[in-house]
Amino acid sequence: MTEGPEGGDPEGKAWRADGCRRHQHSRVQLLWAIVCLLGPFQLLSDQRVKGMAEHLNHGRGVPPPSVQRTTPTLLHPSLHLRGGGGQDMLCCKFEVLFDGGNQAESMVVVGDHEKLGAWDVSKAPKLKQVPGFNGALWTGYVDLPSSSTVSYKYAMVKWGSDGVFTWEGLTDNRKISLERRVDGRPVGVKDVFNAASIAMSSGRSMQADLTPAREQQTSPNHRVCTFEVLLDGGRSADSVFLVGDHEALGAWEALDGVEMRRVTGFNGALWAGSVQLPSDCRVEYKYMLRPGRSGGEEWEQLPVNRAVPVNSAGKGWESRPLHLRDVFNVPREH
């Protein structure tokens, strides 16, 4: 016969019940400690946490049916962030094209919100230079309050300017209205430095995150090549073609080449297209644009043709996607 610690319970029922309650209480405390650590990401709904706590307190064998049917929704992590006072924050992806290319040493996005430096360039978030386009594209992520309108501009430091910022010379500040996206992805902002945003109505357009497709079916010894070309200097076009010496690029017949699509944003300055090309031989190419529907062709005037790099990574890399970023009529910098 087992006695409790005080010897007043011959069968130890009170002692065991008290120990069980202490054990359940410890489990609840551990659960809440984990929830507090994961709180910023809101991976568990309040209803599920409450249900789990009740389940532990009552010692049930299975969670209540209502808790079993509750499934947490996993969205983009930045959409779960909360600012001061529990304010919902959205992830905003800023992308800006600068015609000056590698003339810029650094680039910031500065605005009226504290996350954008409150108009102080020294506190504004810095953007990163994206490989390709001869250094013309800069990008970065900033978390901003949802359901709000934010004013902003870009400022950059030129090489050799001793750190002096050059602001955009726009008459009005840029503005963005932040609304939650249905697909849970970051809110995209695509601008051209020192150029006011304009609506593009002509030509085919597409949404693009400037990353190559990685799940396309490829033929043997071929790879998916994604081409992007920037029309700098205010140049515009109704259509852009990728033309080259391979039959997939029209064999130098302009209108038989790959017709590219205008990427949404950037005032229509960026065009993109994908094609399968052999990975084991050299392919030469150029871009050709048509300024208007009335016809006419403008070819790149380069000293030599552009070339797709031959795959040299060895076996197993033959079908790895390739991404080429060019500036129209400007040789690629290496």
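Just so it is clear, the structure is predicted and the values come from calculations on it, not from any experiment.

Peer 1: Whenever I open this one, the overall build of the chain confuses me. Can you help?
Peer 2: Scanning the chain from terminus to terminus reveals three helices and 18 strands. Looking at the 334 residues of the chain, the share that counts as buried comes to 42%. Of the contacts formed within the chain by residues at least 6 apart in sequence, a portion of 67% connects residues at least 24 apart.

Peer 1: Explanation requested: the nonpolar core in the structure shown.
Peer 2: Across soluble globular proteins, you tend to see nonpolar side chains buried next to one another. With 22 residues, the main nonpolar core has Phe94, Met107 and Tyr154 as its most contacted residues. The set of elements that each furnish at least two residues to this core consists of β1 (89-97), β2 (104-111), β4 (137-145), β5 (148-158), β7 (174-178) and β8 (187-192). If you look at the next biggest cluster of nonpolar residues, it comprises 21 residues, including Cys225, Ala237, Leu289 and Leu322.

Peer 1: Is there a simple way to explain the packing of aromatic side chains in this structure?
Peer 2: Aromatic ring pairs: the centre-centre distance and the angle between the two ring planes describe each pair. A complete count under the given rule lists seven aromatic pairs for this structure. Summarising the aromatic geometry, the rings of Phe98 and Phe193 are spaced 5.3 Å apart at their centres and angled 80 degrees between planes, so their arrangement reads as edge-to-face. Here the residue Phe98 occupies a position in the loop between β1 and β2, and Phe193 occupies one in the loop between β8 and β9 (205-206), the gap between them amounting to 95 residues. This pair shows no difference in class: Phe98 is buried, exactly as Phe193 is.

Peer 1: Is there a simple way to think about the pairing of strand β11 (residues 239-244) in this case?
Peer 2: Side-chain direction in a regular strand flips from residue to residue, so the side chains alternate between the two faces of the sheet. Most of β11 sits out of view: six of its six residues are buried. Residues Ser239, Phe241 and Val243 point to one face of β11 and Val240, Leu242 and Gly244 to the other, with burial holding for every one of them. As paired elements, β11 and strand β15 (residues 283-290) share six bridges and run antiparallel to each other. Within β15, the residue paired with Phe241 across the bridge is Met288.

Peer 1: How should I be thinking about the sheet that holds β4 in this particular structure?
Peer 2: Pairing between the strands of a sheet is mediated by backbone hydrogen bonds and can be parallel or antiparallel. Pairing is mixed across the open sheet formed by four strands, whose spatial order is β3-β4-β1-β8. In the strand order of this sheet, the two ends are held by β3 (128-129) and β8, each with one partner.

Peer 1: I keep staring at unusual backbone geometry and nothing clicks. Help me out?
Peer 2: Most peptide bonds adopt trans geometry, and most residues besides glycine take a negative phi value. Backbone geometry at Phe133 places phi at a positive 55 degrees, although glycine is not the residue there. Mapped onto the elements, Phe133 comes out in the loop between β3 and β4. Although it is not a glycine, Ser147 sits at a positive phi angle of roughly 55 degrees. Checked against the element boundaries, Ser147 lands in the loop between β4 and β5. The class for Ser147 is exposed, based on a relative accessible area of 58%.

Peer 1: I keep staring at the pattern of salt bridges and nothing clicks. Help me out?
Peer 2: Oppositely charged side chains can pair when the atoms bearing their charge come close. Inspection of the entire model under this criterion finds eight salt bridges. Glu228 is the partner of Arg325 in a salt bridge, and the nearest nitrogen-oxygen pair spans 3.3 Å. Pair noted here: Arg325 is in strand β18 (residues 322-327) and Glu228 is in strand β10 (residues 222-230), with a separation of 97 residues, a long-range link. You can call Glu228 buried: its relative accessible area is 2%. With a shortest N-O distance of 3.4 Å, Asp326 and Arg306 are connected by a salt bridge. Taken together, the residues Asp326 in strand β18 and Arg306 in strand β17 (residues 306-308) connect sequence positions 20 residues apart. For the pair Asp326 and Arg306, one class covers both residues: buried. Three or more residues joined by partner-sharing salt bridges are found here, namely Glu300, Arg306, Asp326 and Arg332.

Peer 1: What should I look at first to understand the side chain of Asn267 in this one?
Peer 2: Note that Asn267 resides in the loop between β13 (261-263) and β14 (270-278). Within the structure, the side chain of Asn267 is placed 2.9 Å from the backbone oxygen of Ala196, a separation counted as a polar contact.

Peer 1: Can you walk me through the confidence of the model for the chain in this structure?
Peer 2: Fine structural detail should not be taken from predicted coordinates in areas where pLDDT scores are low. Residues of the chain with pLDDT of at least 70 account for 61%, and the chain-wide mean is 74. Note on residues 55-85: pLDDT under 50 across the span, and 51 contacts to partners over four residues away in sequence or across chains. Counting contacts from residues 200-216, a segment whose pLDDT is below 50, to residues more than four positions away or on other chains yields 40 contacts.

Peer 1: When you look at the pairing of β8 in this model, what are you seeing that I'm missing?
Peer 2: Burial within β8 is extensive, with five of its six residues counted as buried. With six bridges joining them, β1 and β8 adopt parallel strand pairing. Looking at β8, one finds that Lys93 is bridged to Gly188.

Peer 1: Which parts of the structure should I look at to understand the environment of Trp252?
Peer 2: When you line up the elements, Trp252 lands in the loop between β11 and β12 (258-259). On the basis of relative accessibility, which here comes to 32%, the residue Trp252 falls in the partly exposed class. Sequence separation of Trp252 and Glu284 is 32 residues, and the distance between their C-alpha atoms is 9.6 Å. If near-sequence neighbours (up to four positions away) are discounted, Trp252 is found in contact with Val243, Gly244, Asp245, Glu284, Tyr285, Lys286, Trp299 and Asn305.

Peer 1: Help me understand the environment of Val308, please; the structure alone is not making it clear to me.
Peer 2: For Val308, the position within the fold is in strand β17. Overall, the relative accessible area of 4% leaves Val308 in the buried class. In sequence terms Val308 and His323 are 15 residues apart; their C-alpha atoms lie 9.8 Å from each other. Sequence-distant contacts of Val308, defined by excluding residues within four places in its chain, comprise Arg223, Cys225, Phe227, Leu277, Arg282, Val283, Tyr285, Leu322 and Leu324.

Basis of the calculations
- Residues numbered from 1 in each chain as written.
- Predicted model: local features only at pLDDT ≥ 70, side-chain atom pairs only at ≥ 80, totals over all residues.
- Heavy atoms only, no water.
- Helix = DSSP H or I, 4+ residues; strand = E, 2+ residues; numbered from the N terminus.
- Buried < 20%, exposed > 50% of the residue type's maximum accessible area, 1.4 Å probe, protein only.
- Contact = heavy atoms within 4.5 Å.
- Core = buried A, V, L, I, M, F, W, Y, C linked by side-chain atoms within 4.5 Å.
- Phe/Tyr/Trp six-rings, centres within 6.5 Å; stacked < 30°, edge-to-face > 60°.
- Pairing = 2+ DSSP bridges.
- Salt bridge = Lys/Arg side-chain N within 4 Å of Asp/Glu carboxyl O.
- Polar contact = N/O pair within 3.5 Å; in protein donor to acceptor, adjacent residues only side chain to side chain.
- pLDDT = per-residue confidence, 0-100.

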